[in-house]
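What the coordinates show
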Amino acid sequence: MEVFDRSPSAADIQIAAAIYERHKGMMLKTALEYLPASSLAEDIVHDAVLRMAKNGATLRELDERAQARYARLTVRSAAADYARRVCREQPLPDGERDE
């Protein structure tokens, strides 16, 4: 079975943008809980909005409170993914390598 990465529709982008506009403060605050640099936090929020747009149909079915929770969880997930990528790319200090 093939899985296709579908592009978000205009309606999907619109719902993600509307949720961002309503909850951008909370989304940025959530990202800052995981990443100390505000520029990184803004990148994480941007990534989260893109992820939300890919799930626009789901977002349209949720009430506003559930959309806020969805946005928060999406930011947390994006931050965790970023942290995992950084950990994989960073070499271990000399004393911590398995030999």
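None of these values were measured; they are calculated from a predicted model. (Residues numbered from 1 in each chain as written. Predicted model: local features only at pLDDT ≥ 70, side-chain atom pairs only at ≥ 80, totals over all residues. Heavy atoms only, no water.)

Here we come to the side chain of Asp12. Mapped onto the elements, Asp12 comes out in helix α1 (residues 10-34). For Asp12, the side chain forms a polar contact with the side chain of Arg60, separated by 3.0 Å. With residues near it in sequence (within four places) discarded, Asp12 still touches Arg6, Ala53, Gly56, Ala57 and Arg60. (Helix = DSSP H or I, 4+ residues; strand = E, 2+ residues; numbered from the N terminus. Polar contact = N/O pair within 3.5 Å; in protein donor to acceptor, adjacent residues only side chain to side chain. Contact = heavy atoms within 4.5 Å.)

On average, the chain scores 87 in pLDDT, and the residues at 70 or more come to 84%. Helix α4 (residues 64-89) is the least confidently modelled element of the chain, averaging 91 in pLDDT, while α1 averages 96, the highest of any element. (pLDDT = per-residue confidence, 0-100.)

One finds Ile19, Met27, Ala31, Ile44, Val49, Met52 and Val75 to be the most contacted residues of the largest nonpolar core, which totals 18 residues. Listed by contribution, the elements that provide at least two residues to this core are α1, α2 (38-53) and α4. Of the residues forming this core, the biggest block, seven residues, is contributed by α2. Once you skip the residues sitting within four places of it in the chain, Ile44 turns out to touch Ala31, Leu35, Val75, Ala78, Ala79 and Tyr82. (Core = buried A, V, L, I, M, F, W, Y, C linked by side-chain atoms within 4.5 Å. Buried < 20%, exposed > 50% of the residue type's maximum accessible area, 1.4 Å probe, protein only.)

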